[in-house]
Amino acid sequence: MKTRITELFDIPYPILLSGMSWISTPELVAAVCNAGGLGILATGILSADQTLEYVQRTRELTDKPFAANVTLYFPGAERNARVLIEEKVPIINYALGKGDKITEAVHAYGGKVMATVTNARHALAAQRDGADALIATGHEAAGHGGEVTSLVLVPSLVRQVKIPVIAAGGFADGRGLLAALSLGADGISMGTRFMSTVESPVNEVQKQACRASKVEDTLYTNRVDGLYARVMKTEGALRVMRKRLNPISVLFLSRKIAKLLGFPWMKLAMGILLSGYRKSIQMARMAIGFEAFQSATIDGDNARGVLPLGQVTGLIEDTPTVQEVIDRIMAEASEILAALPDRFQ
Ligand SMILES: Cc1cc2nc3c(=O)[nH]c(=O)nc-3n(C[C@H](O)[C@H](O)[C@H](O)COP(=O)(O)O)c2cc1C
């Protein structure tokens, strides 16, 4: 298949694995790359040493092009970006922040850059900063999708930018791929679908939950990690959302935050006291969110944890291999395409 994305990244199919913290590990990334797509390695929760180890392990598992993400809002993102650049990772994907310096450094070694955006302002800024492609994340998406649904966001961005747009949020099958191409996208990026595969490291409890859940079974809230995010509607999510925070509770949480940021506790506690109310509450929410996400993805605990999950979970009924997902998407898209001319008679 040929689109601007397959050409840009030298891959057979315009199908990407989204960079999902805890999930997009070297094993899953390599499985997607070896099956003809492009995997994005997630570095959001990794230290610099772990990032280096993950890049090296990905290279051992695949000789195909791969990408790695930096979620600039997360602590340690700049450290991780430096590792990815030193390692000359072929494609870097940045999200939730300004990526002009990253873009310049990646282009200097001949790499490519994808910026994840949720609105036109950020899309135009990323294009101005030199990004080679955009991942447009709609409201349906797991995690930090925007306010606008993919059906509207994708054509709106395609109209305003020159660089290729990859549609994310709500894609899981051949129907979705064809729809995205019709909207003007040059590919799709999938999180929830690839999280529910044999190779995915998510706890088996969640694979079962994904198969059972319906399109209505998610929530969009800013009361988990402080940013608007879509998560599975569970007891754990409702519990975390109810948590009230004030500066005193933030000081109690500061040990957790210090561990997360890799900071000495005393220094952080002083910083919290000096940083003001809003900033300290935001930090506390991030610490609570990270702990809850980890507890759901790794431990499979839906009573205490919170699982990022897209609405497309309602279209997922099985747990196939990555290769099966990609083969199925390509076959289904071709089948629908072949039948379309009949509809226009
Ligand atoms: C468990 C999980 C963890 C995620 N972690 C991140 C992350 O660290 N950074 C990020 O930019 N997006 C993250 N996402 C969002 C995905 O990158 C992607 O935008 C989303 O899954 C696409 O929508 P879909 O789930 O409908 O395919 C995560 C998604 C899931 C399911």
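Residues numbered from 1 in each chain as written. Predicted model: local features only at pLDDT ≥ 70, side-chain atom pairs only at ≥ 80, totals over all residues. Heavy atoms only, no water.

A word on the pattern of salt bridges. Scanning all chains against the criterion turns up eleven salt bridges. Residue K98 pairs with D129 through a salt bridge whose shortest N-O separation is 2.9 Å. With a gap of 31 residues between them, K98 in the loop between β4 (91-95) and α5 (100-108) and D129 in the loop between α6 (120-128) and β6 (133-137) connect regions that are remote in the sequence. Of the charged contacts in the structure, one is a salt bridge between D173 and R175, with a shortest N-O distance of 2.7 Å. Given the relative accessible area of 47%, R175 is considered partly exposed. (Salt bridge = Lys/Arg side-chain N within 4 Å of Asp/Glu carboxyl O. Helix = DSSP H or I, 4+ residues; strand = E, 2+ residues; numbered from the N terminus. Buried < 20%, exposed > 50% of the residue type's maximum accessible area, 1.4 Å probe, protein only.)

Where helix α3 (residues 48-61) contacts helix α4 (residues 77-86), the two axes come as close as 9 Å, and the packing angle between them is 35 degrees. The element α3 and its partner α4 pack so that their crossing is right-handed. Here A48, T51, L52 and V55 of α3 lie close against α4, whose contacting residues are N80, V83 and L84. Considered class by class, the residues forming the contact of α3 with α4 number five nonpolar, two polar and no charged. (Axes fitted to C-alpha atoms, helices over the stretch in contact; angles between N-to-C directions. Left-handed = near helix turned anticlockwise from the far one by under 90°. Contact = heavy atoms within 4.5 Å. Nonpolar A, V, L, I, M, F, W, Y, C, P; charged D, E, K, R; others polar.)

If you check the shell around the ligand, you find 21 residues, and the closest are S21, T71, G170, G191 and T192. At 2.5 Å, a side-chain N or O of S21 approaches an oxygen atom of the ligand. Measuring from an oxygen atom of the ligand, one finds a side-chain N or O atom of T192 at 2.5 Å. When the ligand sits alone it has 610 Å² of accessible area, and the protein chains cover 92% of it. Every element with two or more residues in the shell around the ligand is listed here: β3 (67-71) and α9 (192-195). For the shell around the ligand, the residue count by class is ten nonpolar, eleven polar and no charged. (Near = heavy atom within 4 Å. Polar contact = N/O pair within 3.5 Å; in protein donor to acceptor, adjacent residues only side chain to side chain. Areas by Shrake-Rupley, 256 points an atom, 1.4 Å probe, with all protein chains shown as cover.)

Right, let's talk about the sheet that holds strand β1 (residues 15-17) for a bit. Taken together, the eight strands give a closed barrel; going around it, the order is β1-β2-β3-β4-β5-β6-β7-β8, and neighbouring strands pair in parallel fashion. Within the sheet, the average angular offset between the axes of one strand and its neighbour, ignoring direction, is 25 degrees. (Pairing = 2+ DSSP bridges.)

Let us look at unusual backbone geometry. Of note in this structure, D10 is not a glycine but carries a positive phi near 55 degrees. Residue position: D10 is located in the loop between α1 (4-9) and β1. Positive phi is not limited to glycine here, since K88 has a value of about 50 degrees. With respect to the secondary-structure elements, K88 resides in the loop between α4 and β4.

Burial of β4 is extensive: five of the five residues sit out of reach of the surface. Of the two faces of β4, the one lined by I91, N93 and A95 and the one lined by I92 and Y94 are each fully buried. Taken together, the five bridges between β3 and β4 define a ladder with parallel strand orientation. Following the sheet pairing, N69 is matched in β4 by N93. As paired elements, β4 and strand β5 (residues 112-117) share five bridges and run parallel to each other. Pairing of N93 across the sheet is with M114, part of β5. A crossover links β4 with its parallel partner β5, the connecting element being α5, and its sense is right-handed. (Right-handed = clockwise from strand over helix to strand, strands pointing away.)

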